[in-house]
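The lines below spell out each chain.
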Amino acid sequence: MPLRAVTMAEIERIFEILDRLGISREAVVIPLRPVHPAGVRSLPNGKLEIQVDSEAPFEEWLQGLERILAARRPS
């Protein structure tokens, strides 16, 4: 079933990943409208924008998000 809106339930799951990776919740922007394709990009203000996928199963997308964020972390 396609995701129509990013709710607090999805945001809390994303926050769990951010916390696990040591990324400040204040360093990200999560739009409330999911898109396809989803993505993670750096904004001009230095924050990361995390766009949730509107078509992929959320749990599957979440696993991919953790891999993307872990790869973006500075060593």
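Everything quoted here is computed from the prediction, not taken from an experiment.

**Student:** An account of the packing of aromatic side chains is requested, with residue identities and associated values reported.
**Tutor:** Per the counting criterion, the structure on display carries 1 aromatic pair. Measuring from ring centre to ring centre gives 5.6 Å for Phe58 and Trp61, while their planes differ by 35 degrees; the resulting arrangement is tilted. Here Trp61 and Phe58 lie together in helix 2 (residues 58-72), a separation of 3 residues that amounts to about one turn. The exposure class of Phe58 is buried, given its relative accessible area of 16%. Given the relative accessible area of 12%, Trp61 is considered buried.

**Student:** Please set out the sheet that holds strand 3 (residues 48-51) residue by residue, giving values where relevant.
**Tutor:** Pairing is mixed in the open sheet, where 3 strands are placed in the order 1-3-2. Only two strands of the sheet have a single partner each, and these edge strands are strand 1 (28-29) and strand 2 (39-42). Pairing geometry for strand 2 and strand 3, over 4 bridges, is antiparallel. Opposite Val40, over in strand 3, you have Ile50 as the bridge partner.

**Student:** I'd love a proper account of the pairing of strand 3, names of residues and values included.
**Tutor:** Bridging between strand 1 and strand 3 involves 2 bridges; their strand directions are parallel. Bridge pairing in strand 3 places Val28 opposite Leu48. Taken together, strand 2 and the strand that follows it, strand 3, pair antiparallel across an intervening segment of 5 residues, in which Gly46 is found at a positive phi of about 90 degrees.

**Student:** Provide a residue-level description of the packing of helix 1 (residues 8-21) against helix 2, including the pertinent values.
**Tutor:** Taken N-terminus to C-terminus, the directions of helix 1 and helix 2 make an angle of 30 degrees; their axes are 10 Å apart at the nearest point. With respect to each other, helix 1 and helix 2 are oriented roughly parallel. Regarding helix 1 and helix 2, the two cross each other, and that crossing is right-handed. In this structure, helix 1 uses Glu10, Arg13, Ile14, Ile17, Leu18, Arg20 and Leu21 to contact helix 2, whose residues at the interface are Phe58, Glu59, Trp61, Leu62, Leu65, Glu66, Leu69 and Ala70. For the contact of helix 1 with helix 2, the residue count by class is 10 nonpolar, no polar and 5 charged.

Cut-off values and rules
- Within every chain, residues take consecutive numbers counted from 1 along the sequence as written.
- With the structure being a predicted model, the display of local features is reserved for residues of pLDDT at least 70 and the display and counting of side-chain atom pairs for 80 or more, all residues being used for whole-chain, interface and lining totals.
- In computing side-chain properties, one takes all heavy atoms of the structure into account and sets aside hydrogens as well as water.
- A pair of Phe, Tyr and Trp rings is counted when the ring centres sit within 6.5 Å of each other, with Trp represented by its six-membered ring. The angle between the planes then sorts it: under 30 degrees is stacked, over 60 is edge-to-face, the rest tilted.
- Each helix corresponds to a stretch of at least 4 residues labelled H or I by DSSP, and each strand to a stretch of at least 2 residues labelled E; elements are numbered beginning at the N terminus.
- Throughout this description, buried means an accessible area under 20% of the type-specific maximum (1.4 Å probe, protein chains only), exposed means over 50%, and partly exposed covers the range between.
- The pairing criterion is simple: DSSP has to find at least two bridges between the two strands.
- An axis is simply a line fitted to the C-alpha atoms; with a helix, the fit covers only the stretch in contact. Between two such axes, the angle follows the N-to-C directions and lies from 0 to 180 degrees.
- Working definition: roughly parallel below 35 degrees, roughly antiparallel above 145 degrees, roughly perpendicular at 65 to 115 degrees, and oblique for all remaining angles.
- In this scheme, a crossing is called left-handed if the near helix is turned counterclockwise away from the far one by less than a right angle; it is called right-handed if the turn is clockwise.
- It only takes one pair of heavy atoms within 4.5 Å for two residues to be counted as in contact.
- Throughout this entry, Asp, Glu, Lys and Arg are counted as charged residues, while Ala, Val, Leu, Ile, Met, Phe, Trp, Tyr, Cys and Pro are counted as nonpolar. The remaining residues, Gly among them, count as polar.

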